[in-house]
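# Structure at a glance
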Amino acid sequence: MATFADFSPPLSSRLAVTPVVTAHIELRQSPISYLLLRGAGDQGLFTSLYTSLAQQLPREPMEWRRTYGRAPKMIHLEANFVQFKEELLPKEGNKALLTFPFLHIYWTDCCDTEVYKGTVKEDMMRWQNSLRAHGSADWVIIVVETNDTKKKNKTNILPRSSIVDKIRSDFCNKQNDRCVVLSDPLKDSSRSQESWNSLLLKLRTLLLMSFTKNLGRFEDDMRTLREKRTQPGWSFCEYFMVQEELAFVFEMLQQFEDALVQYDELDALFTQYVLNFGAGDTANWLGSFCAPVCSWNGLLLRRPIDMEKRDGIQRGEASLLDLRSYLFSRQCTLLIFLLRPWEVTQRALELLHNCVQELRLLEVSVLEGALDCWVFLSCLEVLHRIEGCCDQAQLAANCSHTVGLWAYATDKLKSLGELCGLVSEKRPTSEDLNRTVDLLAGLGDERPETVNSLQSPYKKLKEALSSVEAFERHYLELSHAAMEMYRAIGRLRSARLVGKSLAEFYMKKGDPERAETFLQEALKSYVSEGWSLPVTHTRKQIAECQKLLGRTEDYLQTSALLAGDVNLTTEERKHFCQEILTFADKSEDQSHKVTLSMGVFSQLTRLQFRPATASVHSGAVLQVELTLRCLMPVAVHIQQLAASIHFDLERGGTNGRSKGNQRQTNPGTVEFHQGNSSAGPPSSSAAGPPLELDEIQDRSPSDNSLNSTGVVCKNTHLVMRLHDNISLPDTPNCVSPPAVTIQEGAQMLKVQDVTLEPGNNSILFTAPSGQPGTYTLRQLYATVGQVQFVLPHIYPSVQYEVYSQEPQLTVEPLSEPLLAGLPQMVKFTLLTGHYAVKKGDALQLSNTDTMPILPSTSCTARISNPTAELVGESALFIQSSEKVTSISLPATPPYHTVEFLLEVLCIIPSGSDRPANESPAGVCPQMSIDCPWSIYSTLLALTFYIPFKTKHSLLSAGNRKYIQVCVQNMSDVNFTLAEVKLAEKQHASLELQSLNTKTQQLLCSKHSVFCLWEVRWKDDLPSCLQCVFSANFSPLKQDVSAFKPFHYQFQLERVTTLYSVRAEISPPAGEQHCRSGFLCGLEVCITRLTEPAEGEMAEDSKTDTDVADSSSNWAVCGKSSGMVLMPMVADATHKVQIEVMPLFAGHLPFPKIKVLKYLPHTAAVAIQPDPDSCVENDSLSLLDKALDDQGDTASIRSRGSVHSVGSGDQQQKGVAMPRLEPFSPGQVFNHSHTQQVLVLPATDDHILEVNAT
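Quantities reported herein were computed from a predicted structural model and do not represent experimental measurements.

Another point: helix 19 (residues 532-549). Between its first and last C-alpha atoms helix 19 spans 25 Å; for 18 residues at 1.5 Å apiece the expected length is 26 Å, and the two agree. Within the sequence span of helix 19, burial applies to V535, T536, T538, R539, Q541, I542, A543, C545 and Q546. One or two positions beyond helix 19, positive phi appears at G550, with a value near 75°.

Laid out in structure tokens, this is it:
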């Protein structure tokens, strides 16, 4: 009898990548090997089966379902079998997972009943009693069946089922699955393979169940221990070992993510305690981590587990750096197993920064420079570890993850060099050497893993601190490597920051030329991004370099920038200002002047013209006031302040005959902002694109409630991009602008001997205005001794105009619109320009019949100066003759304005040819004006609008005729109409009887008035009437004397009624009334009312009758149209019978009856009267309009004729066709036009239709 085994998956220092959780990891120095599985029973039997069992058990994965709703995972199980010993069973309170026996197995191949009863059964009972005494319920009995055993005990054996049944009845009453049979395990047969598969599945299932149960119990105990952390005596180190054991178990199962979570939780818990300590909440166990740091040998990542540091944590003797180093080394190992090496670099950078802060919070005593050594070694250790698991291509592609460590290591190495006296022009002192020895002593001996490595961090640091040359070599190597990586990933800001640190190194080494190159690059970034303090600091360093190099102009430019920099103290600013003034006072070489940018000396903030219009006539006085904000800390005396002017004759100058208000207007006051006042137009790329902001909301997925809201920038890539090639104009990048040559004789604004005080200063110039044109201020100069400050471009552009203008006369209505027929005021405006109006000058206006100028007793002219201020008033003398009206002008100086008003009247034209549009018709009378300053006449055209739109119409009622006139007010003025009359000019016997009852009528704006007259005659009605409509009108509520006449002439032709049409509808035979759906008879009677006119042919008496119903009340059956030949005598009558069918019941209007002229194909086309000028009233006329659409005409032609007339279908294409032409309004009168007939329903059923809406 022997005992065996626990089991667990191996840990490894190699990483083999296979699907899901099939990666096998081994840690050769790990305290864990396998999940422990203890065995009892036949030792020899188990030994023969061990190899097959150990190989086949981990082959198939098992689904591991965990508690608390965590996602299931597939894992492989490997077992470590050990012999059963009762003293190895876990004692009460032992919660270790790594040495816990998860499953106990009893092996036997007993086939003999006597042997079973004598020895095996008792041994099994002792085995189970031991397990029960230690509270272990995870066990299984395996019975092995072999043919050899059967042969040896052939006479005494029972059937196999009997032995198994006895074991199950003795030990497995309630757990029959705890007894498994393995048949012929050493043979290669299907029965043996099936038996093996069953056994392996049972072992995997029982083992996983036991492991899950014990793991859950362990996690509960661990949580309980963590919840006791507020109690006295709780130790973080003890809790660390417990949770790390859980991490080991997850790592053993190849669940590296879960193992990493355990270390992250420990990291977060410890960090929180440190932060609480800094806030005053201390914990007793933190005292062990506050001990002085004696070793700073950096991280160790080349071992899977640093047993030395782990033992120190377990004993509670580890320092803060030891704990952090061990914790990070375990995290690093797991991250590499998870193929996430770049996360190692990110975490390493955070760890190094956090450790420095934690040492300060815990007030741990550390030797000066020790932390720099620890950080430097740790950075290189992490980089070497990453290089060991990645190839060069991966490192180059992911240098953005490692560059931070390179830069941090560079910075720490520089700090060590400064501390040890290696960064200076002198050699290290004895004190520096002693400090170096102390730092190297804290590194200890080199670790065995890196002894054979020539590039180990330990060797690099030791070599760098050994000599000045070695330090410089290593520091430059690291700096350039970090800069190249930053440039490769596009982080130019960071690259230039490393370069700035490198410049400081060169400055301390006495090499200002190399230092300036890096400083200028850094300054570009600071200036383009607006970092004011770094700009100031960098410029001070650049000034120091330039002074050492003897570059005077660049040094003065930088000094000027620093003298106006508010980030410096007053004393520093005065120092740099004095540097400029000292150089300016030198009189060695007067011919050579240093040109500097004006923006560093003063800023142009405001420019104001006097007068404010910035436009004067030639010879006038124009003053320009400049406001300069001096940036210097002291008052500066300027010998000369000047502004160059560009003159452009084409853009300004003489405006000729154009209106004065069309001249380009320039702003009288120009404000200059700091961003664009000193060197030209602002660059769009320098200003940067506008922010595109959008709102983001975080809502709860359950009830859609708002949890948080924020703002996100959608164009961050544009806003944050670098402008490497841009040097902002208002902050010159220490480069002098090119010298500007001033041509002698050029027009300038100049002022001598000006003292600029710090702040705003006002300087007044007198601008040249002799020659007409446009003057543009281009440049500004300030001369201080040998130094000349130049503003190369003034932006925004500043201009003023000097003009010489021709006299201009404009005539415009005093109010819009001008109405014809009423007196209207017209405004005359004279801009004298360069012409001086003398006494006796007059305007000569030609008189016209359509627009006379009304006499006025008093007419006053107003005279104003160019600034629109009233100068005086003068009475005008107006003299009129038959052809000319003369207006004498008052004496007026040049460039003044004369304004006066005249009253004119536009006569309304009469006649039907006057325009009659939807808007008021316009009348444009013209007159010529002769001016004393010109030999040419000026044509004056004003548009007057006729206030009325007039229409007429002829109405008929049988033989009686009526004329209707409609007057529509198209203006916005209300009028009164009086004495409305209508007269006929050619026939004295004709009488027009007025049917209008009112003598005066109100005609409101946009409304109409209708007037009606009846036409009466004695003998015969003339075929053509010439009518004249007349009325008097005046605006509402004015005297009788204000009435003005209004006439409207029109002509009416073919006014005699030729035909009379009557229609009757008869019900069907035997019916008293018409019924819907039954045919009824429609009789149309056409009667000729007049004798034939002279020259009228028989062909002219042909008419076409068409019956149609557009309202769908009737159905016309049979032929609905046809040609009718009327006799050529008066009272001749023709009847047409047509069958119609009513479609609905009720009082239905008669079908529509049309009578048209039937013209043969040889007849000429008659010219129709204008339907707009003569329209018949719908209620009295047979024809509502001239002719229906073309479709109706086609239908008429296709329906044939009542008489034997050729059908339109028989006409050949291309042959002339007869046509139909409507009669003139009033020639046909339909008596049944509005007549209705009663139609009853087809049946007597009473149907009520109700619509509900």
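Quick look at the pairing of strand 20 (residues 773-784) now. Among the 12 residues of strand 20, 11 are classified as buried, and the element is accordingly described as predominantly covered. With 9 bridges connecting them, strand 13 (residues 636-648) and strand 20 associate as antiparallel partners. Of the residues in strand 20, the one forming a bridge with F647 is Y775. Relative to strand 22 (residues 798-805), strand 20 is paired through 5 bridges, and the arrangement is antiparallel. In the sheet register, T776 faces strand 22, and the bridge partner there is Q799. Bridge count for strand 20 against strand 21 (residues 787-791) is 5 bridges, and the pairing is antiparallel.

A few words now on the packing of aromatic side chains. In total, this model carries 35 aromatic pairs according to the counting rule given. Ring centres of F270 and F289 lie 5.2 Å apart, and the angle between their planes is 70°; on these two criteria the pair is classed as edge-to-face. One end of the pair, F270, is in helix 7 (residues 256-278); the other, F289, is in the loop between helix 7 and helix 8 (307-315), and 19 residues separate them in sequence. Each member of the pair, F270 as well as F289, is classed as buried. An aromatic cluster is defined as three or more aromatic residues linked by ring pairs; in this entry it consists of W234, F236, Y239, F240, F270, Y273, W285, F289 and Y326.

What follows concerns the sheet that holds strand 44 (residues 1059-1066). The strand order 48-50-46-44-54 describes an open sheet built from 5 strands, whose pairing is mixed. With partners counted over all chains shown, the strands left at the sheet margins are strand 48 (1114-1117) and strand 54 (1228-1230), one partner each. Going from strand to strand, the sheet's axes swing by 30° on average, the running direction of each strand aside. Looking at chain direction, strand 44 and strand 54 are connected through 3 bridges and run parallel.

This next bit is on the sheet that holds strand 34 (residues 937-941). The strand order 29-30-26-33-34 describes an open sheet built from 5 strands, whose pairing is antiparallel. Strands with a single pairing partner mark the edges of an open sheet, and in this sheet they are strand 29 (878-880) and strand 34. Taking each pair of neighbouring strands and ignoring which way they run, the sheet shows an average axis angle of 20°.

So, about the environment of L201. Structurally, the position occupied by L201 is in helix 5 (residues 190-227). Separated by 139 residues in sequence, L201 and M62 have C-alpha atoms that sit 9.2 Å apart.

The full count for this structure, using the stated rule, is 48 salt bridges. Note that R303 is salt-bridged to D306, the shortest N-O span being 3.4 Å. Residue class for D306 comes out buried when judged on its relative accessible area of 4%. Taking the shortest distance from any N to any O, the salt bridge between K500 and E504 comes out at 3.5 Å. Here the residue K500 and the residue E504 both occupy positions in helix 17 (residues 492-508), the gap between them amounting to 4 residues, near one helical turn. For E504, a relative accessible area of 24% puts it in the partly exposed group. Residues joined by salt bridges that share partners form a network here, namely E257, D264, R340, E343 and R347.

At a minimum axis separation of 10 Å, helix 5 and helix 6 (residues 236-252) run at an interaxial angle of 155°. When the axes of helix 5 and helix 6 are compared, the pair comes out roughly antiparallel. The handedness of the crossing between helix 5 and helix 6 is left-handed. Contact with helix 5, carried on its side by F211, L215, F218, E219, M222, L225 and R226, involves Y239, V242, Q243, E245, L246, V249 and F250 of helix 6 and no other residues of that element. Among the residues forming the contact of helix 5 with helix 6, the class breakdown is 10 nonpolar, 1 polar and 3 charged.

Analysis parameters
Residues numbered from 1 in each chain as written. Predicted model: local features only at pLDDT ≥ 70, side-chain atom pairs only at ≥ 80, totals over all residues. Heavy atoms only, no water. Helix = DSSP H or I, 4+ residues; strand = E, 2+ residues; numbered from the N terminus. Expected span 1.5 Å × (residues − 1). Buried < 20%, exposed > 50% of the residue type's maximum accessible area, 1.4 Å probe, protein only. Pairing = 2+ DSSP bridges. Phe/Tyr/Trp six-rings, centres within 6.5 Å; stacked < 30°, edge-to-face > 60°. Axes fitted to C-alpha atoms, helices over the stretch in contact; angles between N-to-C directions. Salt bridge = Lys/Arg side-chain N within 4 Å of Asp/Glu carboxyl O. Parallel < 35°, antiparallel > 145°, perpendicular 65-115°, else oblique. Left-handed = near helix turned anticlockwise from the far one by under 90°. Contact = heavy atoms within 4.5 Å. Nonpolar A, V, L, I, M, F, W, Y, C, P; charged D, E, K, R; others polar.

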